[in-house]
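Summary of the model geometry
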Amino acid sequence: MKVTVLIVNYNNWQDTIECLESVLKSKYSPIDIVVVDNSPSFDSIKNLESWAEGNVKVERTNFSSLVFPENNKPLKYLSISDTEYWQKSQNDDYDVIFVKAGKNEGFAAANNVVLKTKLDRSGQEELLFLLNNDTVIPPDLITKLASKYVEHDYGVVGCVLLEYSKPDIVQSVGGLYNKYFGITTQALEGIKINELGLEKAHIDYPVGAAMFLSIKVLKQIGLLEEKYFLYYEELDWVQRGKVTYSTTYFEDCFVYHKGGVSIGSNHKSFIADKYSLINRINFAKKYNRTYLTTTYLGVFFSIFKRFLFLKFKRGASLFYEVLKINPNKF
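Residues numbered from 1 in each chain as written. Predicted model: local features only at pLDDT ≥ 70, side-chain atom pairs only at ≥ 80, totals over all residues. Heavy atoms only, no water.

As a further point, take the overall build of the protein. The helix and strand tally for the protein stands at 11 helices and 12 strands. With respect to the principal axes defined by its C-alpha atoms, the protein has extents near 55 × 45 × 40 Å. Counting only residues that meet the buried cut, the protein has 53% of its 330 residues in that class. For the protein, the accessible area works out to roughly 15200 Å², and carbon and sulfur atoms hold 52% of it. Within the protein, one finds 39 positive and 38 negative side-chain charges whose respective centroids are separated by 7 Å. (Helix = DSSP H or I, 4+ residues; strand = E, 2+ residues; numbered from the N terminus. Buried < 20%, exposed > 50% of the residue type's maximum accessible area, 1.4 Å probe, protein only. Areas by Shrake-Rupley, 256 points an atom, 1.4 Å probe, with all protein chains shown as cover. Lys, Arg positive; Asp, Glu negative; His and termini not counted. Charge placed at Lys NZ, Arg CZ, Asp CG, Glu CD.)

Structure below.
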């Protein structure tokens, strides 16, 4: 059963090639690797091509055993536009395909470049692995995921995310959604890896940094919702399949994740701050209208805290963005 690994790059080709070196060492077969570049310029694509040709190397990594030695180059690769990708034959055998998105319309839209094609052309038995570019994976990860996934009737599932800089610390095993205020938190965040086996945690959705599903599930729940642009897409995805499918994470499937880098910053930018707040409201409008009022209160309290920390410009800008939301329309 083929697995397609889908990676989105945004102005961060250095992390992407580190990730790709680890993915290419996967023991699983058959596997396709597709990188969608969401960057505003062609610099990332050019560097990714140079890496595939053997002219650019991974400069540093915390996981030498998973990344080095680098895979033999040149790789057999294809570099095309999103329009060309939709039109191309899916029978070509490449080590990696680079797809340049026409414009940056967010995390969901970048993934949908590939997912749309999979919906139209793939059989239900194919599997999909959506993986952040700021990750490194062990060579047996995809084998474990595929084996465990097909044993049960799951929808979208996740992995155990470990801190890249502190790999014995859990970053998340999945997200939890507070219906009263629309807040999301990370399950088991901060515990040590040796504490994982004590009790499996409940999660409401897998974290978008590493999501695994089948084409069969994709055909039933549909594409990622592009209106969010950033954040809440994975929660929306799971919500649509909630009646039919359950979600979970696999305790022995580890992904080393930097966090924040894939959207261009380790510190919360205004764009990240904005969408983390307005999409709390957008998700509640769509699925949780009973608690829409308290969700608004929670958002305004979050903005108020920006003023308490003397971030007046940020607070005012966020307040303006929230006021622009139509409470009756997503």
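What follows deals with the nonpolar core. Counting 104 residues, the largest nonpolar core has F129, L131 and W237 as the members making the most contacts within it. Of the residues forming this core, the biggest block, seven residues, is contributed by helix α9 (residues 270–287). When residues no more than four places from it in sequence are discounted, the contact partners of L131 are V5, L6, I7, V8, C19, V23, I137, A209, A210 and V255. (Core = buried A, V, L, I, M, F, W, Y, C linked by side-chain atoms within 4.5 Å. Contact = heavy atoms within 4.5 Å.)

With that settled, the discussion passes to the packing of helix α8 (residues 233–240) against α9. Running from N to C, α8 and α9 point in directions that differ by 10 degrees, and their axes come no closer than 11 Å. One way to sum up the angle between α8 and α9 is to call them roughly parallel. Taken together, the residues of α9 that come into contact with α8 (itself represented by L235, D236, Q239 and R240) are F283, K286 and Y287. Taken together, the residues of the contact of α8 with α9 sort by class into three nonpolar, one polar and three charged. (Axes fitted to C-alpha atoms, helices over the stretch in contact; angles between N-to-C directions. Parallel < 35°, antiparallel > 145°, perpendicular 65-115°, else oblique. Nonpolar A, V, L, I, M, F, W, Y, C, P; charged D, E, K, R; others polar.)

It is worth spelling out the pattern of salt bridges at this point. For the structure on display, the rule yields 21 salt bridges. Ionic pairing is found between D15 and K258, a salt bridge with its closest N-O pair at 2.2 Å. With D15 in helix α1 (residues 13–23) and K258 in the loop between β12 (249–257) and α9, the pair connects residues that are 243 residues apart, well separated along the chain. K258 gets classed as partly exposed once you look at its relative accessible area, which sits at 23%. Residues participating in the shared-partner salt-bridge network are E21, K25, E70 and K73. (Salt bridge = Lys/Arg side-chain N within 4 Å of Asp/Glu carboxyl O.)

The next point concerns a nonpolar patch on the surface. Where nonpolar side chains cluster on the molecular surface, the patch consists of F301, F304, F307, L308, F309, L310 and F312 and spans about 800 Å² of accessible area. The greatest single-element share of the nonpolar patch, amounting to four residues, is contributed by helix α10 (residues 292–308). Of note, F309 is situated in the loop between α10 and α11 (312–323). (Patch = residues over 30% accessible without salt bridge, like charges linked within 9 Å, V, L, I, M, F, W, Y side chains within 5 Å.)

Turning our eyes to something else, we now look at the pairing of strand β3 (residues 77–81). In regular strands, side chains alternate between the two faces of the sheet. Across the two faces of β3 the burial differs, with L78 and I80 buried and Y77, S79 and S81 not buried at all. Of the strand pairs in this sheet, β3 and strand β4 (residues 96–100) are connected by five bridges, and their pairing is parallel. Across the sheet, the residue bridging to S79 is F98, located in β4. (Pairing = 2+ DSSP bridges.)

Positionally, K274 belongs in helix α9. Aside from chain neighbours lying at most four places away, what touches K274 is L318 and E321.

With that settled, the discussion passes to helix α5 (residues 107–121). In this model α5 runs 22 Å from its N-terminal to its C-terminal C-alpha over 15 residues, within 8% of the 21 Å that 1.5 Å per residue would give. The sharpest bend along α5 comes to roughly 40 degrees, located at V113. The buried fraction of α5 amounts to 11 of the 15 residues, a majority that puts the element mostly inside the structure. Looking only at α5, the buried set comprises F107, A108, A109, A110, N111, N112, V113, V114, L115, T117 and K118. (Expected span 1.5 Å × (residues − 1). Bend = angle between axes of the 7 residues up to and from the residue.)

Moving on, we come to the packing of aromatic side chains. Under the defined criterion, the tally for this structure stands at 14 aromatic pairs. Relative to F98, the ring of Y77 has its centre 5.8 Å away and its plane inclined at 55 degrees; by these criteria the two rings are tilted. Taken as a pair, Y77 in strand β3 and F98 in strand β4 lie far apart in primary sequence, 21 residues in all. Residue F98 is classed as buried on the basis of its relative accessible area of 0%. The ring of Y94 carries the charged tip of K76 above its face, separated from the ring centre by 5.4 Å. (Phe/Tyr/Trp six-rings, centres within 6.5 Å; stacked < 30°, edge-to-face > 60°. Lys NZ or Arg CZ within 6 Å of the ring centre and 35° of its normal.)

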